[in-house]
Amino acid sequence: MNGASFIKTKVLRLRLKDKHAKFLSDLAREVNFVWNYCNELQITMFNRERRFLSGYDFAEFTRGATKEGLQLHSQTVQAIAEEYATRRRQFGKVRLSWRKSTGSRRSLHWIPFKKTAIQAAHGQVKFAGQWLSLWDSYGLDSYPIRAGNFCEDARGRWYLNACVAVPVTEPADRSSARGDVGIDLGLKDLVATSDGEKLSAPQFYRGLESKLAVAQRAGKKNRVRAIHAKIANRRKDSLQQFSTRLVREYGTIFVGNVSASALVKTSQAKSVLDAGWSAFRTMLRYKCDFAGATFAEVNEAFSTQTCSACDSRGGPKGIAGLGIRAWTCGECGTVHDRNVNAAKNILAAGRRRLAEGIPAL
Ligand SMILES: [Zn+2]
């Protein structure tokens, strides 16, 4: 471990003690108020002048807000306005959805902040004049907090996501030649690698399917929500572990640019898949960045249909071919696992791209 050391930004996620839920929910309602105010302002401005407001523009209008009875720190109000402006730009819309504080379709609570609004000491954080206890598994007060947010999950538990600056020491052996790998993202095998490893989706449901069915029949909404949250947590944990291991083992990682719309029909299934895939890509990207490994997304057109041994295109196609797990190439007779074959093609495409696009180091 005698490599170069440098500073990286990392997001630490810590669970807050439940007793703070009321305090945070009250603040979150104010956040929604500010958010909706920004939305209203943007709508008016667009109707009147066809103009879009930046985070800086909003500051002009929200300056007095903390004097008007809001508990939120003025920097937090500013953080909300900036987030609003960023997301509006990102989605290319005139306006965004309203944040709802009540009712069955209310938004999950969320409170962004800037570094001046938060302080960490002796295993607690101070926010909006209040010391909050949390399960501090990282030793938060040893990191400078740059920004972040508090957010609630579907079960009403609160988490602190803190962006912190961490000194990273790059291991000296990182540069030594490590292999490369192709990654195929899919439905049943959530992840398959060109070396034949897999992370399967059904394992997240193991033991919970029957419980879910029972709760659904009994109409126990909270229970159903809790089980869904548990499945989501399992999925996230597995993706975290899998991505960590991939980055440890490989120096270069290529991932296909799959989008769910090509694979499933219902919009809910699409959004779940897209969320999982994009979360996994994000994890890989920042972990590679962290470890000094190379990450690249490659166009995965025909990766499923093409035989990775002989390049002929006799494999399963489209939605109709989704059920096919294994197939034999009609040209060369190689027996393929559908997803591992796709991952091999992604690896080949990535290598071609590197050879063409980026000069050798
Ligand atoms: Zn073949």
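Residues numbered from 1 in each chain as written. Predicted model: local features only at pLDDT ≥ 70, side-chain atom pairs only at ≥ 80, totals over all residues. Heavy atoms only, no water.

Caption draft 1: Region of the structure containing the side chain of S194. Relative to the assigned elements, S194 resides in the loop between β9 (189-193) and β10 (198-200). Given the relative accessible area of 7%, S194 is considered buried. Contacts of S194, omitting those with residues within four sequence positions, involve V181, G182, V340, A343, K344 and L347. (Helix = DSSP H or I, 4+ residues; strand = E, 2+ residues; numbered from the N terminus. Buried < 20%, exposed > 50% of the residue type's maximum accessible area, 1.4 Å probe, protein only. Contact = heavy atoms within 4.5 Å.)

Caption draft 2: Spotlight on helix α2 (residues 55-62). Within α2 the residues assigned to the buried category are G55, F58, A59 and T62. For α2, the arc enclosing every buried residue in end-on projection is 115 degrees, short of the 170-degree limit, so these residues lie on one face. Contacts made by the buried residues of α2 are with α1 (21-49) and α3 (74-91). (Arc of directions from axis to C-beta.)

Caption draft 3: Representation of the side chain of N339 in the model. Along the polypeptide, N339 turns up in helix α7 (residues 338-357). Among the polar contacts made by the side chain of N339, one reaches the side chain of R338 at a distance of 3.3 Å. Apart from residues no more than four positions distant in its own chain, N339 is found in contact with D184, D189, A192 and R325. (Polar contact = N/O pair within 3.5 Å; in protein donor to acceptor, adjacent residues only side chain to side chain.)

Caption draft 4: Looking closely at the packing of helix α4 (residues 209-217) against helix α5 (residues 221-249). Contact geometry for α4 and α5: axes closest at 8 Å, N-to-C directions at 155 degrees. With respect to their mutual orientation, α4 and α5 come out roughly antiparallel. Of the two possible hands of crossing, α4 and α5 adopt the one that is left-handed. The segment α4 lies against α5, with K211, L212, A215 and Q216 engaging R223, V224, I227 and H228. Class assignment of the residues belonging to the contact of α4 with α5 gives a composition of four nonpolar, two polar and two charged. (Axes fitted to C-alpha atoms, helices over the stretch in contact; angles between N-to-C directions. Parallel < 35°, antiparallel > 145°, perpendicular 65-115°, else oblique. Left-handed = near helix turned anticlockwise from the far one by under 90°. Nonpolar A, V, L, I, M, F, W, Y, C, P; charged D, E, K, R; others polar.)

Caption draft 5: Expanded view of the coordination of the zinc ion. Donor atoms from the polypeptide that bind the zinc ion are C307 (SG), C310 (SG), C329 (SG) and C332 (SG), placed at 2.3 Å. Classification of the site at the zinc ion rests on its four donor atoms, whose angles at the metal span 106 to 113 degrees, yielding the label tetrahedral. By relative accessible area, which is 0% here, C307 ends up buried. (Donors = N, O, S within 2.8 Å, 3.2 Å for Na, K, Ca; no water. Tetrahedral: all angles 85-135°; square planar, octahedral: opposite > 155°, others 65-115°.)

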